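So the chains spell out like this:
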Amino acid sequence: MSHELRTPLAAIIGYNELMQDLAAEYDLTPILPYLKKVDMTAHQLLAIISDILDLSKVEAGRMELLPERAHISVIINHVLTNVQPLADKNNNILSVNYPTDIGELYTDVAKLKQILINLLSNAAKFTQNGRITFTITRETKSFNNDNNQTQNDWIIFEIADTGIGIPENALPKLFRPFVQINDSTTRPYGGTGLGLAISQRFAYLLGGNITVQSTLGKGSTFTLIIPAQIPIEESPAKSYEENPAA
Ligand SMILES: Nc1ncnc2c1ncn2[C@@H]1O[C@H](COP(=O)(O)OP(=O)(O)O)[C@@H](O)[C@H]1O
Ligand SMILES: [Mg+2]
């Protein structure tokens, strides 16, 4: 399915790039803005298609996890490089707080980054001339089971904005696919309403979840909590035997 949807779109994007080069070469500058529009909308469509494919993959239980060890500060910096231009565009101040010894985690880093970029892009999109505060902390929780003390580290990513906020009655349905809160005919924000649905499902896959608090007209706070060590269900030996060359 993925291949069938992406290949024609890749051809459209590719041929359009070729036309842009030719238009420049033959001084056809009047058509350049139109070709740029084709490029922009084709990339928008590509983003929507990947979102729909991601969501259906998770729903079908076919989304694979690729856990790796990573420095949390490296992940944060990568995410900020992506999101800073969006914050600037709406004249928002983006500040980041985390302890220097925040350390490492072992999780599916690509999915974690996708969640954080989704949440921070929303904060940037729904806030104008405001402030976005990104706070990361590590918390150790002790559990007593059968007289055994076990400790688990959790990483908490909090994204607080001073934007438009979300009405209380809309909060319960926020993580459903295709839900957008403002009136669809007047909303100036674009998007498809898939970002939060995918992010919440990814958070579950990583062993955590996302919660939200918001006050209409004042701002919103989204909190992602995941274990520092992803819970592993499949035994690694099994997948090694299935794929001995790997
Ligand atoms: N930080 C936020 N502030 C205000 N509203 C938000 C925020 N994040 C999400 N929302 C609301 O939740 C809806 C769903 O978000 P999302 O799934 O990311 O879809 P999209 O960004 O494509 O609209 C948004 O359309 C918006 O109405
Ligand atoms: Mg979004």
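Above: the structure in question.
This report concerns the structure included in the present document. All values reported here derive from a predicted model rather than from experimental measurement. (Residues numbered from 1 in each chain as written. Chains lettered and ligands numbered in written order. Predicted model: local features only at pLDDT ≥ 70, side-chain atom pairs only at ≥ 80, totals over all residues. Heavy atoms only, no water.)

**Points about the site of ligand 1**
In plain terms, the rule: Nearness is judged by heavy atoms alone; a residue qualifies as near a molecule or strand once a single heavy atom is within 4 Å of it. Whenever two N or O atoms come within 3.5 Å, that pair is a polar contact, provided that in protein one can donate a hydrogen and the other can accept it, and provided that, for residues adjacent in sequence, both atoms are side-chain atoms. Per-residue accessibility takes into account occlusion by the displayed protein chains alone, with areas from the Shrake-Rupley method and a 1.4 Å probe. Labels follow the DSSP assignment, with helices taken as runs of H or I lasting at least four residues and strands as runs of E lasting at least two, numbered in each case from the N terminus. Following the grouping adopted for this structure description, the nonpolar residues are Ala, Val, Leu, Ile, Met, Phe, Trp, Tyr, Cys and Pro, the charged ones are Asp, Glu, Lys and Arg, and the polar ones are all others, Gly among them.
Around ligand 1 sit 21 residues in total, of which Lys125, Gln180, Thr192, Gly193 and Leu196 are the nearest. Between ligand 1 and Ile181 there is a distance of 3.0 Å, counted from an oxygen atom to a backbone nitrogen or oxygen. A distance of 3.5 Å separates a nitrogen atom of ligand 1 from a polar atom in the side chain of Ser220. In isolation ligand 1 offers 540 Å² of accessible surface; the protein chains occlude 96% of this area. Among the secondary structure elements, those contributing two or more residues to the shell around ligand 1 are helix H4 (109-125), helix H5 (195-205) and strand E7 (219-227). Among the elements that line the shell around ligand 1, the one with the most residues is H4, at three residues. In terms of residue class, the shell around ligand 1 is built from 10 nonpolar, eight polar and three charged.

**Thoughts on the pattern of salt bridges**
Opposite charge on two side chains lets them pair, provided their charged atoms get close. Worth spelling out the cut-off: Salt bridge, as used here: a side-chain nitrogen of Lys or Arg that lies within 4 Å of a carboxyl oxygen of Asp or Glu. Exposed residues in this analysis have more than 50% of their type's maximum accessible area, buried residues have under 20%, and partly exposed residues fall in between, with area computed by a 1.4 Å probe over protein chains only.
Here the structure, examined in full by the defined rule, presents five salt bridges. A salt bridge links Glu59 to Arg201; its shortest N-O distance comes to 2.9 Å. Of the two residues, Glu59 is situated in helix H2 (residues 32-59) and Arg201 in helix H5; the sequence distance between them amounts to 142 residues. Note on Glu59: relative accessible area 53%, which makes it exposed. Among the ionic pairs, Lys141 bridges to Glu139, the shortest N-O distance being 3.9 Å.

**With respect to the sheet that holds strand E5 (residues 148-161)**
Sheets are built from strands paired through backbone hydrogen bonds, the pairs being either parallel or antiparallel. To keep it simple, the criterion reads: Note on pairing: DSSP must find at least two bridges between two strands before they are called paired. Whenever a helix is involved, its axis is fitted only over the stretch in contact; in every case the axis is a line through C-alpha atoms, and angles between N-to-C directions fall within 0 to 180 degrees. We call two residues in contact when some of their heavy atoms are within 4.5 Å.
Read across the open sheet, the five strands follow the order E2-E4-E5-E7-E6; overall the sheet is mixed. The open sheet has two edge strands, strand E2 (93-97) and strand E6 (209-215), and neither has a second partner. Between one strand axis and the next, the sheet turns through 20 degrees on average, direction left out of account. Across 14 bridges, strand E4 (residues 131-145) lies against E5 in antiparallel orientation. Directly across from Thr135, in E5, lies its bridge partner Glu158. In this fold H4 packs onto E2, E4, E5, E6 and E7, with an angle of close to 35 degrees to the strand it touches most, E5. Packed onto the sheet, H5 meets E6 and E7 and runs at close to 135 degrees relative to E6.

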